[in-house]
Amino acid sequence: MSSTDPILDVDRLSVRLPKGADRTHAISEVSLSIAENEIVCIVGESGSGKSMMANAIMRLLPEGVTTDGGRILFCGRDLCTASAAEMRSIRGADIAMVFQEPMTALNPLRTIGDQIGEVLDIHTDLGNAEIRSRVLSLLADVHIPDPPRAAKAYPHELSGGQRQRAMIAMALALDPKLLIADEPTTALDVTTQAQILKLIRELQQRRRTAVLFITHDFGVVAEIADRVVVMQHGVIVEHGPAIDVLRKPQHAYTQQLIAAVPPVAAPPPRKLSEQAILELSGLVKTYRTGGFLGRGERVTHAVKDVSLTLPKGATLGIVGESGSGKSTLARCIIRLIDPDAGSVLLDGEDWARLSRRAIRERTQRMQMVFQDPYASLNPRRKAVELVAQGPIVHGTPRDQALTEARDLFSLVGLDPSAADRFPHEFSGGQRQRIGLARALALKPAVLVADEPVSALDVSVQAQVLRLLTGLRERLGLSIIFITHDLRVAAQICDLVAVMKDGVVVEHGLTHDVFGSPEHPYTQALLEAIPGGDFARTAHA
């Protein structure tokens, strides 16, 4: 095989879904190829067939889902006809995969070093000492600090970015010809995301690996892709060199996806109320873990002396990397955890000093929307019951609460006739709307939204952001918006506070902070947004 021949050649591949699915095929007559030392990005919304394509190549399709025509030629060999034993020898050694969420892909009961070493133990004849040495070398290759310590760590002891680096080290352990990366940076903050993208590009160029990169973020495409394949409803609607697709998209769907990417340039500031609805003063939260009789305990200052003000009817964004203290601050505000010091004044009443019983009685004043709606929604209860649950607890008659819950479905852009479905019957964007409806059911004055759109496609993300903006205007909501995506913060937030290591290092009007950042950390965050100039301009 010459270097110009494709490593992977997918030829008119179709994948059939089981009976009762919303369509007959996840993928229909799809063809694509990828050569050595090339990065091809597959882009599309949830349900477009991108991940199903990756699973079909790896022969890891869910039960009941089958290939229904076409070929997957890897180095000239049809994987569709390969035996289970042949596929086991190919996976890891010739084709490796990096998954979106390493915490679910890694075994929580085994150390990182053991899990990487297992790949080498199964596929090579190396001795234990050689395997240990190779593991440390791989961890150093992916720039994990202190490889000997990381090798002895369990997955939960590493940060999200470090876990993803460990997954990449495991995937590259056997020098595969093809690396499939399925949304590997979606849940990461901008600086960690930039580091992972740089790492993948660097390793690909050094090892001449072919990379199939699945994403819904066109900023990532602009940063890393040689060629782009755009998928919608299981078919390829556009493909070509990345620069051509990004600058001159031909298909209406590609144009729509690119237009939905929020630019980092904030719109002109609007006039804000002089009346404050929420005032934070001197908030402190410290975690202490480990140690015996006070010796060797680890102290983490999660929130350090934070003071901020939320004007009535405004949106205050809190941005920063993972571990900066954003989510801890949100949980202190709403009293899911107790701050060690400071005050949280909501309309003049200090929530930091209220008892748990008093908090429960006042909980309708301030509500929270969580990052993962599926984890925060009871899977055994119908959506309408989940939305009505809060008002019923606070004394609203059941029939009235259920009627109002159906009205809220319309308000958040859901079909009221779908209210009797269970959470698993909705898409990710729809579940986030249910979470929003549940929070709004208690008619709160303040909504605390913790990463509410981070796992959503750009077009669904744009819909939820428009919805939040509309609800803010219509209902007079005041919003605390936690996010690691500065592009999202630029579009929805009137004010922004940038957090680093538990401290607010810069805050003010979003237009001013993002337009003329003063603190080096804010400048670094803005510089790290993937896609360069593409991410900094509007595409509508």
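From a predicted model like this one, the values you see are computed outputs, not experimental measurements.

Cut-offs used in this document
- Residues numbered from 1 in each chain as written.
- Predicted model: local features only at pLDDT ≥ 70, side-chain atom pairs only at ≥ 80, totals over all residues.
- Heavy atoms only, no water.
- Helix = DSSP H or I, 4+ residues; strand = E, 2+ residues; numbered from the N terminus.
- Rg over C-alpha atoms; globule rule 2.2 N^0.38 Å.
- Buried < 20%, exposed > 50% of the residue type's maximum accessible area, 1.4 Å probe, protein only.
- Areas by Shrake-Rupley, 256 points an atom, 1.4 Å probe, with all protein chains shown as cover.
- Lys, Arg positive; Asp, Glu negative; His and termini not counted.
- Charge placed at Lys NZ, Arg CZ, Asp CG, Glu CD.
- Salt bridge = Lys/Arg side-chain N within 4 Å of Asp/Glu carboxyl O.
- Contact = heavy atoms within 4.5 Å.
- Pairing = 2+ DSSP bridges.
- Axes fitted to C-alpha atoms, helices over the stretch in contact; angles between N-to-C directions.

**A short note on the overall build of the protein chain**
Assigned secondary structure in the protein chain consists of 22 helices and 21 strands. The C-alpha atoms of the protein chain give 25 Å as radius of gyration, which agrees with the globular expectation for 540 residues (24 Å, within 12%). Taken over the C-alpha atoms alone, the protein chain extends approximately 75 × 60 × 45 Å along its principal axes. Burial analysis of the protein chain (540 residues in total) assigns 52% to the buried set. When the accessible surface of the protein chain is split by element, carbon and sulfur atoms take 49% of a total near 23900 Å². Taking the average place of the 59 positive charges on the side chains of the protein chain and the average place of its 63 negative ones, the gap between the two points comes to 4 Å.

**Things to note about the pattern of salt bridges**
All told, the structure shown has 33 salt bridges when counted by the stated rule. For the salt bridge of Arg 487 with Asp 217, the shortest nitrogen-to-oxygen distance reads 2.8 Å. Of this pair, Arg 487 sits in helix H19 (residues 486-492) while Asp 217 sits in the loop between strand S9 (210-215) and helix H9 (218-224), placing them 270 residues apart in sequence. The same class applies to Arg 487 and to Asp 217, which are both buried. Through salt bridges with shared partners, a single network forms among Asp 141, Asp 175, Glu 202, Arg 206 and Arg 207.

**Considering the environment of Val 344**
Along the polypeptide, Val 344 turns up in strand S15 (residues 341-346). A relative accessible area of 1% means that Val 344 is categorised as buried. Spatially, the C-alpha atom of Val 344 lies 7.9 Å from that of Leu 283, the residues being 61 residues apart in sequence. Setting aside anything within four residues of it in sequence, one finds Val 344 in contact with Leu 278, Glu 279, Leu 280, Leu 283, Cys 332, Ile 333, Glu 349, Asp 350, Trp 351 and Ala 352.

**Notes on unusual backbone geometry**
Located in the positive-phi region is His 233, a residue other than glycine, with phi close to 50°. With respect to the element layout, His 233 can be found in the loop between strand S10 (227-232) and strand S11 (235-241). Residues other than glycine seldom take positive phi values, yet Asp 305 does so here, at roughly 50°. You can call Asp 305 exposed: its relative accessible area is 56%.

**Describing the sheet that holds S9**
Neighbouring strands of a sheet are bound in pairs by backbone hydrogen bonds; such pairs are parallel or else antiparallel. With respect to topology, six strands assemble into an open sheet ordered S7-S8-S9-S3-S10-S11, the strand pairing being mixed. A strand with exactly one partner marks an edge of an open sheet, and here the two such strands are strand S7 (95-98) and S11. Strand-to-strand twist across the sheet, computed as the mean angle between neighbouring axes with direction ignored, equals 15°. Helix-sheet contacts for helix H7 (residues 160-171) involve S7 and strand S8 (178-182), and the interaxial angle to S7 is about 175°.

Spatial relationships are all this shows, so hold off on functional conclusions.
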